[in-house]
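Tertiary structure, described
Residue-level listing of the chains:
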Amino acid sequence: AEIEEAMSFLSIGLLAFAAIAVFVGAFMISNTFRIIVAQRTRELALLRAVGATGSQVTRLVVIEAFIVSIVSSLIGVLAGIGLAVLLQGLMRSIGIDLPEESLTILPRTIIIGMLVGVVVTVVSAILPARKAAQVPPVAAMSRELSAPSRKSLRTRAIWGFAIAAVGHIGLGLGLFTPVPNGIWFVAIGALLAFLGVSVLAPLIARPVTGAIGWPLPRIFGIPGDLAVQNTKRQPRRTASTASALMIGITLVVFVAIFGASIKASVEDSLGDTFGADITVTPTNFASGISPQFSEDLVELAEIGAVTPFAATQARVNGEVEEVGAVDPSSVFGLLNLGVDKAILDAMGPSDILISIEEPDAEEAIGTTATVEMPNGASSPGEVIAVFDATGFGAYLVTRDRFAEGIDNPSDQFVMANAADGYTVDEALAAATAVIEDYPGLEAQTASEVLKDIQAQIDQLLAIFQALLLLAVIIAVLGITNTLALSIIERTKEIGLLRAVGMVQRQVRRMIRWEAVVIATFGAILGIVLGILLGWAVVEALGDEGLGTFTIPFASLLFYVILAAIAGIIAAIYPARKAARLNILEALSYE
């Protein structure tokens, strides 16, 4: 139940971050058009000089963005369909049952995909288009006049701190105050905090990239120093380029922390709740276990105490609730319900236990509750104690009462201990022999149950991790794109460096380490945000059984290394392009 709840929230979280991915993608598109407009400043100024109005220049850029968006969105839709086919095959290959029908592609899916791509691209291009319209005609006369001016980051700082502050307020309300639906306060607060950091990223770009690149001048000399300086001189561009990788790493770190915390919480829960040596469960969770199986298990010399557990939907005081059934005489020591043995020994056929998670559970002790079972059998019973264990329903009744209210009762699982004088392996072998008469059952030790559950979690998380790797690939393409465009912008500068003696190898090294610094900057921001988000979600879901916060430090180190490698890959094309510039043509470039 805890895994199901956690996975459900994880899906919601990924959908929410998909929206942020679109937001950051818009920044990338806007950044690209901003660079393009800056490179074409003199061309646009010349158009203004020969009579083009500002609105005409704006339309020129917007129409260009619209055409690009149509082509790109179509490619994206086709790629998404291909990804769905691959994902379907992947899920089947790891044992997840899916319908045999072919993949369903609805017209609305294609329409929505195209609309999102077109709208995001066109909207992202509006601000650069407006800036293009503001280019004065006189800028056509001189490159110095056409050079973009650097604006203060004060306005960005104000907005960034304001958004981040609202986000942290939301986190605080969700985590530390008894507000209803606190998890949504946490989710919205985390998203706003994330956006605030994205807006503030240019403010910390210079000091952070300087710290990251500190060893480069000492190791690689001038190329290393120039690589660091290139990332520091355009903090907005550095931050927006790193933002795509930041969101990818944030999601990957969040999923890694969430998965590690789920596994740690499940391990703690199993250790605290399940005290049996052996657990028998159906291999198909839609089926149950015959009550006769428990009776056959008790007859074995190798088996000591045996207790089954069953559950169903029933009405308690008119409300539909999950009602579990236990055997009070055998449950103690095998299933830790947080109830004294004396209370269990005194539990009568009509007595009821209430979950600590139910509102006013303590006040309910001594009151009468009417339980109406699925076959209509209804009778009152006294609530005698509170049980402290998650995943077993809101109420617990005796097996006798359960059997009277179910026409064909079955158990969800059976727990047993090895008898005195026998090992767990001997008891497991004896239980496995009985299972041969009951197809569809599986007997496991406590450690095997834990490994099986963790393997299921790992399978689900592997799917999410594979999807999130696409965000990293997109980020690599974004870094490549920005570097390639910036090289065009720096053509004359690179030509001058070549003219004073810099060789091709040094040019490639300069561009390569510039990409590595940007990628590492994005990875560090992503790791910090991922840890923050993971901690907030685990804390918010503490009442759902997810109470152990775990950071997989080895995985985080791997992600930083992965980001650096991604930077090297992203720099391959731009570095080769910069190194191959003709020196004379580059010096005369306008």
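Structure: above.
All of these numbers come straight from a predicted model, not from anything done at the bench. (Residues numbered from 1 in each chain as written. Predicted model: local features only at pLDDT ≥ 70, side-chain atom pairs only at ≥ 80, totals over all residues. Heavy atoms only, no water.)

Remarks on the nonpolar core
Residues Leu 245, Ile 249, Val 253, Phe 258, Val 266, Ile 511 and Tyr 559 are the most contacted members of the largest nonpolar core, which totals 68 residues. Take this core: its biggest share by element is 18 residues, from helix H10 (residues 235-273). Excluding anything up to four places from it in sequence, Ile 511 contacts Leu 483, Ile 487, Arg 490, Ala 571, Pro 574, Ala 575 and Ala 578. (Core = buried A, V, L, I, M, F, W, Y, C linked by side-chain atoms within 4.5 Å. Buried < 20%, exposed > 50% of the residue type's maximum accessible area, 1.4 Å probe, protein only. Helix = DSSP H or I, 4+ residues; strand = E, 2+ residues; numbered from the N terminus. Contact = heavy atoms within 4.5 Å.)

With respect to the packing of helix H18 (residues 504-540) against helix H19 (residues 553-570)
Running from N to C, H18 and H19 point in directions that differ by 150°, and their axes come no closer than 7 Å. By the angle between their axes, H18 is roughly antiparallel relative to H19. Relative to H19, H18 is oriented so that their crossing is right-handed. Counting all contacts with H18, which are made through Arg 512, Ala 515, Val 516, Ala 519, Thr 520, Ala 523, Ile 527 and Ile 531, the residues of H19 involved are Leu 556, Val 560, Ala 563, Ala 564, Gly 567 and Ile 568. Within the contact of H18 with H19, the residues separate by chemical class into 11 nonpolar, 2 polar and 1 charged. (Axes fitted to C-alpha atoms, helices over the stretch in contact; angles between N-to-C directions. Parallel < 35°, antiparallel > 145°, perpendicular 65-115°, else oblique. Left-handed = near helix turned anticlockwise from the far one by under 90°. Nonpolar A, V, L, I, M, F, W, Y, C, P; charged D, E, K, R; others polar.)

What to know about the pattern of salt bridges
This model, assessed by the stated rule, comprises 4 salt bridges. A salt bridge links Asp 345 to Lys 341, with the nearest nitrogen and oxygen atoms 3.0 Å apart. Highlighted residues: Asp 345 and Lys 341, both in helix H12 (residues 341-345), separated by 4 residues, approximately one helical turn. Classification of Asp 345 as partly exposed rests on a relative accessible area of 47%. (Salt bridge = Lys/Arg side-chain N within 4 Å of Asp/Glu carboxyl O.)

What about the side chain of Thr 121?
Positionally, Thr 121 belongs in helix H4 (residues 107-133). In this view, Thr 121 contacts Ile 29, Ala 65 and Ser 69; residues no more than four positions away in its chain are not counted.

Quick notes on the pairing of strand S3 (residues 319-326)
The sheet contact formed by strand S2 (residues 303-316) and S3 spans 7 bridges and is antiparallel. Across the sheet, residue Thr 312 finds its bridge partner in S3, namely Val 323. Hairpin connection from S2 to S3: 2 residues lie between these consecutive antiparallel strands, with Asn 317 at a positive phi of about 55°. Relative to strand S7 (residues 395-398), S3 is paired through 4 bridges, and the arrangement is parallel. When the sheet's bridge partners are listed, Gly 324 is paired in S7 with Leu 396. (Pairing = 2+ DSSP bridges.)

Let's talk about a negative patch on the surface
On the surface, Asp 425, Glu 426, Glu 442, Glu 448 and Asp 452 cluster together into a patch of negative charge. Of all elements in the fold, only helix H15 (424-435) and helix H16 (446-489) reach the threshold of two or more residues within the negative patch. Mapped onto the fold, Asp 452 is located in helix H16. (Patch = residues over 30% accessible without salt bridge, like charges linked within 9 Å, V, L, I, M, F, W, Y side chains within 5 Å. Areas by Shrake-Rupley, 256 points an atom, 1.4 Å probe, with all protein chains shown as cover. Lys, Arg positive; Asp, Glu negative; His and termini not counted. Charge placed at Lys NZ, Arg CZ, Asp CG, Glu CD.)

Regarding the environment of Val 116
Topologically, Val 116 is positioned in helix H4. Take Val 116: its relative accessible area is 39%, and that puts it in the partly exposed class.

Thoughts on the packing of aromatic side chains
A full pass over the atoms with the stated rule returns 7 aromatic pairs. Clustering of aromatic rings is evident, with ring pairs tying together Phe 309, Phe 392 and Phe 413. (Phe/Tyr/Trp six-rings, centres within 6.5 Å; stacked < 30°, edge-to-face > 60°.)

Comments concerning the packing of H18 against helix H20 (residues 572-579)
Their axes nearest at 8 Å, the elements H18 and H20 cross at an angle of 145°. The crossing of H18 and H20 is right-handed. Contact residues: H18 offers Gln 504, Val 507, Arg 508 and Ile 511, while H20 offers Pro 574, Ala 575, Arg 576, Ala 578 and Ala 579. In terms of residue class, the contact of H18 with H20 is built from 6 nonpolar, 1 polar and 2 charged.

Details of helix H6 (residues 154-176)
The end-to-end C-alpha distance of H6 is 32 Å, a good match for the 33 Å that 23 residues give at a rise of 1.5 Å each. Within H6 the residues assigned to the buried category are Ala 157, Gly 160, Ala 164, Gly 167, Gly 170, Leu 171, Gly 174 and Leu 175. (Expected span 1.5 Å × (residues − 1).)

Observations regarding a nonpolar patch on the surface
On the surface, a cluster of nonpolar side chains totalling about 550 Å² of accessible area is made up of Ile 63, Phe 66, Ile 67, Ile 70, Val 71 and Ile 75. Secondary-structure assignment places Ile 75 in helix H3 (residues 54-93). Residue class for Ile 75 comes out exposed when judged on its relative accessible area of 55%.

What to know about the environment of Ile 511
Among the structural elements, Ile 511 can be located in helix H18. Residue Ile 511 is classed as buried on the basis of its relative accessible area of 0%. Taking the C-alpha atoms as reference, Ile 511 lies 9.3 Å from Ala 579; in sequence the two are 68 residues apart.

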